[in-house]
Amino acid sequence: KYIMQPLLRETGDYHFQIHNRIHKAHVVMLYEQGLLFQEEARAMLIDLIQLEKKGKDALNLGATNTDLYMETEAYVTQRTPEFGGKMHMGRSRNDLYACAARMISRDRLIDLSADLLELQKIVLRRAIENTDTVMPGYTHLQHAEPITFGHYLVAFFDALARDAERIQHVYTRT
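Counting starts from 1 at the beginning of each chain's written sequence and moves along it residue by residue. Local features are withheld for residues below a pLDDT of 70 in this predicted model, meaning they are given only at 70 or higher, and side-chain atom pairs are given and counted only at 80 or more; totals for whole chains, interfaces and linings count all residues. As a rule here, side-chain values cover all heavy atoms of the structure and leave hydrogens and water aside.

Caption draft 1: Inspection of helix α6 (residues 149-173) at higher detail. Helix and strand assignments follow DSSP, with helices taken as H or I runs no shorter than four residues and strands as E runs no shorter than two, numbered in order from the N terminus. Under the convention used throughout, the expected extent of a helix is 1.5 Å for every residue step, that is, one less than its residue count. For α6, which comprises 25 residues, the first-to-last C-alpha distance of 37 Å matches the rise-based estimate of 36 Å (1.5 Å per residue) to within 8%. Every buried residue of α6 is accounted for by G150, L153, L160 and I167. Note on definitions: a residue-residue contact is assigned when non-hydrogen atoms from the two residues lie within 4.5 Å. Turning to α6, the residues buried within the fold contact α5 (93-129) and β2 (142-148). Exposure classes here rest on a 1.4 Å probe applied to the protein chains alone. A residue is buried below 20% of its type maximum, exposed above 50%, and partly exposed in between.

Caption draft 2: Seen up close, the environment of M29. Structurally, M29 can be placed in helix α2 (residues 12-32). Note on M29: relative accessible area 32%, which makes it partly exposed. Put simply, M29 and A41 are twelve residues apart on the chain and 9.5 Å apart in space, counted from C-alpha to C-alpha.

Caption draft 3: Looking closely at α5. If you check α5, its first and last C-alpha atoms are 54 Å apart, about what 37 residues at 1.5 Å a residue would give, namely 54 Å. For α5, every residue scored as buried is listed here: L96, A100, M103, I104, D107, L109, L116, Q120, V123 and A127.

Caption draft 4: Quick look at the nonpolar core. Only buried Ala, Val, Leu, Ile, Met, Phe, Trp, Tyr and Cys residues count toward a nonpolar core, and they belong to the same one when joined by side-chain atoms within 4.5 Å. Within the largest apolar cluster, 15 residues are counted, with the highest numbers of intra-cluster contacts made by V27, L36, M44, L59, V76 and M87. Elements with a contribution of two residues or more to this core: α2, α3 (38-54) and α4 (68-79). Examining the composition of this core, we find that five residues originate from one element, α3, more than from any other. Once residues lying within four places of it in the same chain are set aside, the contact partners of M44 are V27, L36, V76, F83, G84, K86 and M87.

Caption draft 5: How the structure looks around the pairing of β2. Pairing of strand β1 (residues 134-139) with β2, which is carried by five bridges, proceeds in the antiparallel orientation. Each bridged residue has a counterpart across the sheet, and for V134 the counterpart in β2 is T148. Joining the antiparallel neighbours β1 and β2 is a turn of two residues, in which H140 adopts a positive phi near 50°. A pair of strands is treated as paired once DSSP finds two or more bridges between them.

Caption draft 6: Examining the packing of α3 against α4 more closely. Two numbers describe how α3 lies on α4: the axes approach to 10 Å, and their chain directions differ by 125°. Relative to α4, the element α3 is oriented oblique. As for the relative orientation of α3 and α4, their crossing is right-handed in sense. Judged by residue contacts, M44, D47, L48, Q50, L51 and K54 of α3 engage T72, Y75, V76 and R79 from α4. In the contact of α3 with α4, the residues fall into five nonpolar, two polar and three charged. Axis geometry follows a simple rule: fit a line to the C-alpha atoms, using only the stretch in contact for helices, then measure angles between N-to-C directions, giving values from 0 to 180 degrees. These descriptions rest on fixed angle ranges, namely under 35 degrees for roughly parallel, over 145 for roughly antiparallel, 65 to 115 for roughly perpendicular, and the rest for oblique. Note on convention: the crossing is left-handed when the near helix lies turned anticlockwise from the far helix by less than a right angle, right-handed when the turn is clockwise. Amino acids outside the nonpolar list (Ala, Val, Leu, Ile, Met, Phe, Trp, Tyr, Cys, Pro) and the charged list (Asp, Glu, Lys, Arg) are all regarded as polar, and Gly is one of them.

Caption draft 7: Structural view of a nonpolar patch on the surface. Where nonpolar side chains cluster on the molecular surface, the patch consists of L124, I128 and V154 and spans about 240 Å² of accessible area. Mapped onto the elements, I128 comes out in helix α5. We classify I128 as exposed; its relative accessible area is 58%. For patches, a residue must show more than 30% relative accessible area and have no salt bridge; joins then use 9 Å for like charges and 5 Å for nonpolar side chains, namely Val, Leu, Ile, Met, Phe, Trp and Tyr. Under the convention used here, a 1.4 Å probe and the Shrake-Rupley method define accessible areas, while residue burial counts only the protein chains that appear. Salt bridge criterion: a side-chain nitrogen from Lys or Arg within 4 Å of a carboxyl oxygen from Asp or Glu.

Caption draft 8: Representation of the confidence of the model for the protein chain. pLDDT expresses, on a scale from 0 to 100, how confident the predictor is about each individual residue. Model confidence for the protein chain is summarised by a mean pLDDT of 89, while 90% of its residues fall at 70 or above. Confidence, expressed as mean pLDDT per element, reaches its minimum in the protein chain at helix α1 (residues 4-9) with 43 and its maximum at α6 with 97.

Caption draft 9: Representation of the side chain of T80 within the structure. Within the element layout of this structure, T80 appears in the loop between α4 and α5. Its relative accessible area of 6% is what places T80 among the buried residues. T80 has contacts with A43 and D47, leaving out every residue within four places of it along the chain.

Caption draft 10: Focus on the pattern of salt bridges. Overall, the coordinates contain four salt bridges when judged by the stated rule. Of the charged contacts, one joins E40 and K86 as a salt bridge, the two residues approaching to 2.9 Å between their closest N and O atoms. Taken as a pair, E40 in helix α3 and K86 in the loop between α4 and α5 lie far apart in primary sequence, 46 residues in all. Two residues, E129 and R126, come together in a salt bridge whose shortest N-O distance is 3.3 Å. Placement of both E129 and R126 in helix α5 is noted, with a separation of three residues, approximately one turn of the helix.

Structural data, given as structure tokens:
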């Protein structure tokens, strides 16, 4: 799942959706900072919302021209030629792609957290089912006092909980 899901998620549609969210947020920021007039921002947002509804197929993404950044700007500029080029004011293509990479990473961390939580539930359920299943405990690969298989599984649950905490910290930083 962790090998294939990210590849499936990284299709053009997913990137298109992420880019469009960033474009809309950027236009709002430009307006809030007084860099766009209200009617300019409104027209750009309408164009971006319409583009979102049409999907990436509305863009001219050919075999040699697959740049979402430039094609989205061209789409908006065709509809509002007098100011559409202002959409990317104050940022570069690298800014857009860096932001998109962080958003994609954040989505992956959410997916991973959900899967990890599901695994913890399964391990805990099995631990509860095996509270009376006796097995040898080990210390330094040598038999030690008897424990239950449930007790053994709780150690895995705790390790997964630490992993979940680490993922939460990474998510916060991302």
